[in-house]
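Single-letter residue listing:
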Amino acid sequence: MTDLETLKYTRETGDFSRLIASIPYANFIGLECDQFGDDLIFRLPAKDQNLGNPVLPAIHGGVIGGFMELSAAIYLMLAQETVRMPRIVNFSLDYLRAGLDREIYAECRLTRQGNRVANVMITAWQKSRSKPISTARAHFLLED
Amino acid sequence: MDDRIRADRVTRFIQTLNQAVELGLTVTETTDRSLTLCLPYSDRIIGNPVTGVIHGGAITTLMDTTSGSLMLCALDVFELCPTLDLRVDYMRPAEPHKPVYARAEIHRLTRNIIFTRCEAYQDHGETVANCVGTFMRIGPQALPQAYREKITGGPV
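Residues numbered from 1 in each chain as written. Chains lettered and ligands numbered in written order. Predicted model: local features only at pLDDT ≥ 70, side-chain atom pairs only at ≥ 80, totals over all residues.

An account of the overall build of chain A is needed here, citing residue identities and associated values.
When its secondary structure is counted, chain A shows four helices and six strands. Counting from the amino terminus, helix and strand elements in chain A follow one another as α-α-α-β-β-α-β-β-β-β. Computed over its C-alpha atoms, the radius of gyration of chain A comes to 15 Å, within 12% of the 15 Å expected for a compact globule of 144 residues. Expressed as lengths along the three principal axes of its C-alpha atoms, the size of chain A is roughly 45 × 25 × 25 Å. Contacts in chain A between residues at least 24 apart in sequence constitute 55% of all its contacts with a sequence separation of at least 6. (Helix = DSSP H or I, 4+ residues; strand = E, 2+ residues; numbered from the N terminus. Rg over C-alpha atoms; globule rule 2.2 N^0.38 Å. Contact = placed C-beta atoms within 7 Å.)

Explain the overall build of chain B to me, using residue names and the numbers behind them.
Looking only at helices and strands, chain B has five helices and eight strands in total. Listing every helix and strand of chain B by position from the N terminus yields α-α-β-β-β-β-α-α-β-β-β-β-α. Against the 2.2 N^0.38 benchmark of 15 Å for 156 residues, chain B shows a C-alpha radius of gyration of 15 Å, consistent with a compact globule. Along the three orthogonal principal directions, the C-alpha set of chain B runs to about 50 × 25 × 25 Å. Looking at the 156 residues of chain B, the share that counts as buried comes to 42%. In chain B, the share of contacts with a sequence separation of at least 24, taken over all contacts with a separation of at least 6, comes to 65%. (Buried ≥ 20, exposed ≤ 12 C-beta atoms within 10 Å, placed from the backbone.)

Which residues make up the interface of chain B and chain A, and what are the values?
Taken together, the contacts link 33 residues of chain B with 31 residues of chain A. Of the residues forming the side of chain B that touches chain A, the biggest block, eight residues, is contributed by strand β5 (residues 83–90) of chain B. Considering only residue class, the side of chain B that touches chain A consists of 14 nonpolar, 12 polar and seven charged. Inspection of the sheet shows strand β3 (residues 85–95) of chain A paired to β5 of chain B by five bridges, in the antiparallel sense. The residue bridging phenylalanine 91 of chain A from the neighbouring strand is valine 88 of chain B, located in β5 of chain B. (Nonpolar A, V, L, I, M, F, W, Y, C, P; charged D, E, K, R; others polar. Pairing = 2+ DSSP bridges.)

Let's hear about the sheet that holds strand β2 (residues 34–39) of chain B: which residues, and what values?
Read across the sheet, 12 strands follow the order β1(A)-β2(A)-β4(A)-β5(A)-β6(A)-β3(A)-β5(B)-β8(B)-β7(B)-β6(B)-β2(B)-β1(B) without closing on themselves; strand pairing throughout is antiparallel. Whereas interior strands pair on both sides, the edge strands pair on one side only; in this sheet they are β1 (32–36) of chain A together with β1 (26–30) of chain B. Shown here is a sheet whose adjacent strand axes are inclined to one another by a mean of 25 degrees, direction ignored. Bridge analysis of β1 of chain A against strand β2 (residues 39–44) of chain A gives five bridges, and the strand direction is antiparallel. Opposite phenylalanine 36 of chain A, over in β2 of chain A, you have aspartate 39 of chain A as the bridge partner. Of the strands in this sheet, β1 and β2 of chain B touch helix α1 (residues 3–14) of chain B, which is tilted by about 155 degrees from β1 of chain B. (Axes fitted to C-alpha atoms, helices over the stretch in contact; angles between N-to-C directions.)

Let's hear about the nonpolar core: which residues, and what values?
Core analysis: the biggest nonpolar cluster contains 82 residues, and Phe67 of chain A together with Ile59 and Leu62 of chain B have the highest contact counts within it. Per-element tally for this core: the top contributor is helix α4 (residues 61–79) of chain A, with 11 residues. Excluding residues within four positions of it along the chain, leucine 62 of chain B makes contact with Leu25, Leu37, Leu39, Val100, Ala102 and Ala120 of chain B. (Core = buried A, V, L, I, M, F, W, Y, C linked by C-beta atoms within 7 Å.)

Summarise the pairing of strand β8 (residues 127–136) of chain B; cite the residues concerned and give the values.
Residues and elements named next belong to chain B. As paired elements, β5 and β8 share seven bridges and run antiparallel to each other. Within the sheet, the bridge partner assigned to tyrosine 90 lies in β8 and is alanine 129. Alignment of strand β7 (residues 113–121) against β8, held across nine bridges, turns out to be antiparallel. Considered in β8, the bridge of glutamate 119 is made with asparagine 130. Hairpin connection of β7 to β8: five residues between the antiparallel strands, including glycine 125 at a positive phi of 95 degrees.

Next up, the structure:
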């Protein structure tokens, strides 16, 4: 997904700009990431091009999915002790509320780390953390 | 309703979805139970800059849009059906520089829920991803009349 030098830099500095800049899809949807101690909070600022339903208006469900999926991959890359690139196997996504035209936040949790497979839970919210707009889980294959 | 009308409705509908326009999604085929959309290759949606493989998120959006627009083909009256859940299995990376197609089918249609199955594939026919989805029927009255007429091309 990205080169080792960028990953090393991100890990050492907590500055995600280079890592994000190296992934075109992250720029396409406008993903951002902030580090608070050990915690990572992923952000997707409001963007007209990310809208789906024009009536509400609401963010396209696919964009919410892509944002959560990419957040999980970046989270997993940084959670590894060694440098291993995660490859997504599958992704299960529940839409709980409409994603309105404002910033989305996401946080990830490593549910299970095996030798070759990792299971990550992702929660996304907007106004209030206690009212998630979507929850997801993903399996990743880790390769050397 | 014939396939020409279905294709026109779906085209008008996806043109109102900013993200679908941004990705350049187009209608490939419609029937009364299925819909195929095409996602053209673009450097902007690459997930792995080393291999040029597009990100799974673009494929998720393609399959969500295809499954969610299927209702325009299957229902005479236009209803917007929000996605309840999606389950995506990635079979293999999409080959770079080639479009990805998604073909969605109605698996079962009930009064409240629509169950869909969707397959993403490329020209040589190999499956890139599979997607199972459920969509909630909230009824046609949930949408403003003007928007419905814009999609159906007149009063329905």
